[in-house]
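# Structural description and commentary
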Amino acid sequence: MLTDSMRTVYERPLTLTPALTHYCPGCTHGVIHRLVAEVLDELNVREQTIGVASVGCSVFAYNYFDCDFCEAAHGRAPAMATGVKRVHPDKIVFTYQGDGDLASIGAAEIIHAATRGENITVIFVNNGVYGMTGGQMAPTTLPGMKTTSSQGGRDVETMGYPIRMSELLATLDGASYIVRRSAHDPGHINQTKKAIKTAFQTQQRQMGFALVEILSSCPVNWNMTPVDALCHIKEKMIPYFPLGDFKVAESVKLLKG
Amino acid sequence: MSVGNPKSWMPVKTLTLKGNLSMDANSAARKLELWKGNEAIAEAAVRAGLEAYFGYPITPQTELLEYLSTRLPTLKKRDGGNRVFLQAESELAAINMVYGAAVAGARTMTSSSSPGFSLMQEGLSYIAASQAPCVLVDVMRGGPGLGNLAPTQADYFQLTKGGGHGDYHPIVLAPATVQEAVDLTYNAFDLAEKYRAIVIIAIDGNIGQMMEPVAMPPMRAIEKRDRGWELTGARNRPRRINTSLFLQPHELEHMNRVLSEQDAAVRANETRCVEQFTDDAELIVVAFGSAARIAQTAVKQARARGLRVGLFRPVSLYPFPEDRLTELATRARQFLVVEMNAGQMVQDVRLAVDRAAGAARYPGYAGGALNWSWTPRPTVQFFGTMGGLTPMPDEILERIEKYMPVLPLSETMIERAALDIAYTN
Ligand SMILES: Cc1ncc(C[n+]2csc(CCOP(=O)(O)OP(=O)(O)O)c2C)c(N)n1
């Protein structure tokens, strides 16, 4: 019999497999995986969930989530998730996408999934670079930021400006829940988890399209220590990509209360 | 050679039919209705148990999408169950929706026309690697580029050779009539599921647009199945993963071997062609789809003039009926390939005919007399129309007469030639 002092206070969520992740030290993808898994556990939907991995560092998400999973082509996860959800309207379907995947090559697919009010949940991990291919400029790279394909720093005159996807998607009538959070410290991680839960509940109650954008670190490609990278999110990314709720449908507001 | 059983879509060796444009001889027994090609194909898919259609408008395919946009929701209202229709934002999205529905285990389909099909090739490569069964209809139009809206057969390469990156071949079926389009579509889902492969119905734009009498097949019920691979949620079973990513070379080689084995089974069992007058033909016209229909008129006219001409129509463009062609190439001495493109299938015909060179030798002709030097193989001539022009029967007949061997080869001549080889060797 467990004494009070031996009570389990922290363990692997059921929805995570025991596999070690391949993520770099200091990367927050792993934290975000855990949040999603905890929420799926709490909502008790692991056995009815189908995940759609995207192309990017999280391409192997299916190795870490203990639920049915498929893997989409680069940028096409929202279209693939649409196909899955339309034939399984009673299942929970989510995509897990990076910013290159969602905001660049897959910009059309995410906009149209949102505007259709597709009843899916999107976990959008914004680390401001193309992580998997070695740190090239993404549509979300901050002005002046050095990457392997903008070595003098992003010059907005020739390379354009970053896209604020959440603000853009929030203009669409079809979207029900669009928020931006950050994974740079425990307080913000807790808020991120709450948003992820709301996003899955939105789907569970058939309330339509829900997306949680999460500012995430990439120390290796930002050429920073893990701690500096978290500071970078707080000091540089949040001013450009403000945290907040950009679209919360009336029905979803009731849900939260 | 026997006339194959048109109802048997079970694995057979090369299914060779004779003297009939339609693969379905039984259709005559059913009630005939007038149907437009595109709509008939759509209805055939519905009756085969189509659960989810995703598409994007493009001429000359659009009626298919429009028809399903009302037909599927109406059926869903009436019977419930899965009858999904969704107009996608692009062909890129449409094929990836099909991908999702297919890995989720549904009978799913999209349709498009050539430029849209080019856009789908990325998705097809992923779908092939994931072994997600699905059916596609390509109502071909003029290209390259935006081309035009007129019928062509210029997608032969992009359909039969894989099209996207990596090693894979969809099964490609090319009907010559609206009835055949209906019959092939109706059976395409079973075929796709049997091999966990992509089946493409390659339609010449004119067949999609024309109206013909059709006997519709009966409505099939949608079955709920668990074949051990579809993603339905890991309830009371281990999770299932569907991916096309295999980072370790030996894993990817293994996956490619699985696809190759599947391909070998397809090639062994699913080859189909139709022949007319090939038994004694010295010149064989090879054509598919509507070009074969036109060629048939020319072949009959040539026969009326006493010329020994036959018609060979591949119905499965992939797998290509190469073995049967090779066999014919040991007897016929000229092939005339007629296509509505700049010469695509002709390459596969040449390969098949070239293989015959090792199997037989042929006497040649010079100045109208039998020449005892030996030509290595029959020649393969080509006649193509492009840009949406269709070949005319008299244009084909003209070429038949031009390429017809000057002196018909008699049985005694073949025997003497064979003896000659025996003595000189
Ligand atoms: C069609 C296609 N183009 C390019 C690539 C190469 N590629 C792989 S991952 C990636 C970028 C992913 O970046 P992001 O979505 O930001 O995710 P991250 O790796 O940063 O988590 C690219 C360009 C690909 N796999 N497919």
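The paragraphs below set out a description of the structure included in this document. As the structure is a prediction and not an experimental result, all values here were calculated from the model.

### A look at the overall build of chain A
The helix and strand tally for chain A stands at 11 helices and nine strands. Against the compact-globule benchmark of 18 Å for 257 residues, chain A has a radius of gyration of 18 Å, which places it among compact chains. The 257 residues of chain A split such that 59% are buried. Considering only contacts within chain A whose residues lie at least 6 apart along the sequence, 69% involve residues at least 24 apart. Carbon and sulfur atoms form 56% of the exposed surface of chain A, whose accessible area is close to 10,200 Å².

### Notes on the site of the ligand
Taken together, 17 residues sit near the ligand, with A:C57, A:G100, A:D101, A:G131 and A:M132 positioned nearest. Nearby residues around the ligand are contributed by chains A and B. In the complex, 77% of the free accessible area of the ligand, which totals 590 Å², lies under the protein chains. Among the elements of the structure, helix 4 (99–105) and strand 5 (129–130) of chain A are those that each provide at least two residues to the shell around the ligand. Per element, the largest residue contribution to the shell around the ligand is four residues, and it comes from helix 4 of chain A. Grouping the amino acids of the shell around the ligand by side-chain chemistry returns six nonpolar, eight polar and three charged.

### Brief notes about the pattern of salt bridges
Under the counting rule described, the total for this entry stands at 45 salt bridges over all chains. For A:E42, the salt bridge is made with A:K197, and the minimal N-O distance between the two is 2.9 Å. Taken together, the positions of A:E42 in helix 1 (residues 29–42) and A:K197 in helix 8 (residues 186–204) put the pair 155 residues apart, joining distant regions of the chain. Exposure remark for A:K197: the relative accessible area of 25% places this residue in the partly exposed category. Residue B:R324 pairs with B:E327 through a salt bridge whose shortest N-O separation is 2.8 Å. Placement of the pair is B:R324 and B:E327 together in helix 10 (residues 322–329), with a separation of three residues, close to one helical turn. On the basis of relative accessible area, B:R324 is assigned to the buried category, the value being 5%.

How each quantity is defined
- Residues numbered from 1 in each chain as written.
- Chains lettered and ligands numbered in written order.
- Predicted model: local features only at pLDDT ≥ 70, side-chain atom pairs only at ≥ 80, totals over all residues.
- Heavy atoms only, no water.
- Helix = DSSP H or I, 4+ residues; strand = E, 2+ residues; numbered from the N terminus.
- Rg over C-alpha atoms; globule rule 2.2 N^0.38 Å.
- Buried < 20%, exposed > 50% of the residue type's maximum accessible area, 1.4 Å probe, protein only.
- Contact = heavy atoms within 4.5 Å.
- Areas by Shrake-Rupley, 256 points an atom, 1.4 Å probe, with all protein chains shown as cover.
- Near = heavy atom within 4 Å.
- Nonpolar A, V, L, I, M, F, W, Y, C, P; charged D, E, K, R; others polar.
- Salt bridge = Lys/Arg side-chain N within 4 Å of Asp/Glu carboxyl O.

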